[in-house]
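Chain by chain, the residues:
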Amino acid sequence: MAGMPPATVEVSAAVVRSLLRDQRPDLAGRALVRVANGWDNGTFRLGDDLAVRLPRRAEAVPLILHEQRYLPGVAERSPVPVPVPVHAGRPSPEFPWPWSIVRWVPGAPAADVGPADRGPAAEGLAAFLLSLHVPADAGVPVNPFRGVPLGDRDAAVRERLEDRERYPRAAELGALWVRARAAGAWKGPAMMLHGDLHPGNILLETDGSLAGVIDFGDVGAGDPAVDLAVGWLMFDAGARQRFLDAFGSSVDRDTWTRARGWALVLSTAMLSNSDDNPRMFSVGEFGILQVLEG
């Protein structure tokens, strides 16, 4: 059974409350509720308009620092809310790493609704990505697993596809992967990326339109095709076509081909490593079906 990476430090509400009393006593009396425990971070809602975000393993510590540094610039351009940090927490005897207080972004996670209910977000999500994908400043980090040449992910994808029980259509997926790798490489400047854009990190209004985007731990610089993969992770064929059309001529065919390849990378990562997380397993399963459909 393949599950999420184990936590190095499990954080309780009592620990978060202690950090608040020490560093933000003005917020320590607010209601505090755990709302997420992901691969890299734990998140607690703090009152109505804030959240506390803490790394749960050492590998995630740089990701918190990246959010603190780069999210304010993303927020200035974004047409929808993102969780802008309002406090950079310091390590303490109760918790050994940096942590953040961020703006709470309201909305329903797209992972918790059916594909048909996600369709109204297609154009809004395209507009968000058009605002995000600008040339990165010097020094913006490159994530070694996201936004890199697809060849860098070849060994991981091929290893996952060897699990024929989990991937009964592995031969078709392998052929798609070969075509994606053969697409022309990204020739433009390294672009600002979300890096982990999937239905669990996309929030919807009650009418299905885009409400906000969260979880920027993988924010960095590279090939924008990794974010465009959300077209296969998020939408069925009809809504995906509207999503693609919203970019017009700003995205070329090779980039869309690499994006489909990235959808395969991300879908297999979730499907192969989420036996203990039904929500992410379902996202990966849906993504595989959409990659096969086209």
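Details of the structure are given in the entry above.
Residues numbered from 1 in each chain as written. Predicted model: local features only at pLDDT ≥ 70, side-chain atom pairs only at ≥ 80, totals over all residues. Heavy atoms only, no water.

Colleague: How should I be thinking about the sheet that holds strand 8 (residues 202–204) in this particular structure?
Modeller: Either a parallel or an antiparallel arrangement is found when strands of a sheet pair, and the pairing is made through backbone hydrogen bonds. On the basis of which strands lie adjacent, the open sheet formed by 3 strands has the order 6-8-9 and antiparallel pairing. Every other strand in the sheet has two partners, leaving strand 6 (108–109) and strand 9 (210–213) as the edge strands with one partner each. (Pairing = 2+ DSSP bridges. Helix = DSSP H or I, 4+ residues; strand = E, 2+ residues; numbered from the N terminus.)

Colleague: Could you clarify how one ought to interpret the packing of aromatic side chains in this entry?
Modeller: Each aromatic ring pair is specified by the distance between its two centres and by the angle formed by the two planes. Applying the stated criterion across every chain yields a total of 7 aromatic pairs. Taking 5.2 Å as the distance between ring centres and 80° as the angle between the ring planes, the aromatic pair formed by F243 and F247 counts as edge-to-face. Look at F247 and W256: their rings are 5.4 Å apart centre to centre, the planes differ by 75°, and that puts the pair in the edge-to-face class. A relative accessible area of 5% places F247 in the buried class. Take W256: its relative accessible area is 12%, and that puts it in the buried class. Through a chain of ring-to-ring contacts, three or more aromatic side chains come together here, namely W232, F235, F243, F247 and W256. (Phe/Tyr/Trp six-rings, centres within 6.5 Å; stacked < 30°, edge-to-face > 60°. Buried < 20%, exposed > 50% of the residue type's maximum accessible area, 1.4 Å probe, protein only.)

Colleague: Which parts of the structure should I look at to understand the pattern of salt bridges?
Modeller: Pairing is possible between side chains of opposite charge, provided their charged atoms come close. One pass over the structure, following the stated rule, counts 16 salt bridges. With its nearest N and O atoms 3.7 Å apart, the salt bridge here joins E59 to R57. Residue E59 is classed as exposed on the basis of its relative accessible area of 54%. Under the relative-accessibility criterion, R57 is labelled buried at 15%. The partner of R181 in a salt bridge is D154, with the nearest N and O atoms 3.2 Å apart. Highlighted residues: R181 in helix 6 (residues 170–182) and D154 in helix 5 (residues 154–161), separated in sequence by 27 residues. The class for R181 is partly exposed, based on a relative accessible area of 39%. Classification of D154 as buried rests on a relative accessible area of 14%. Through salt bridges with shared partners, a single ionic network connects D40, R57 and E59. (Salt bridge = Lys/Arg side-chain N within 4 Å of Asp/Glu carboxyl O.)

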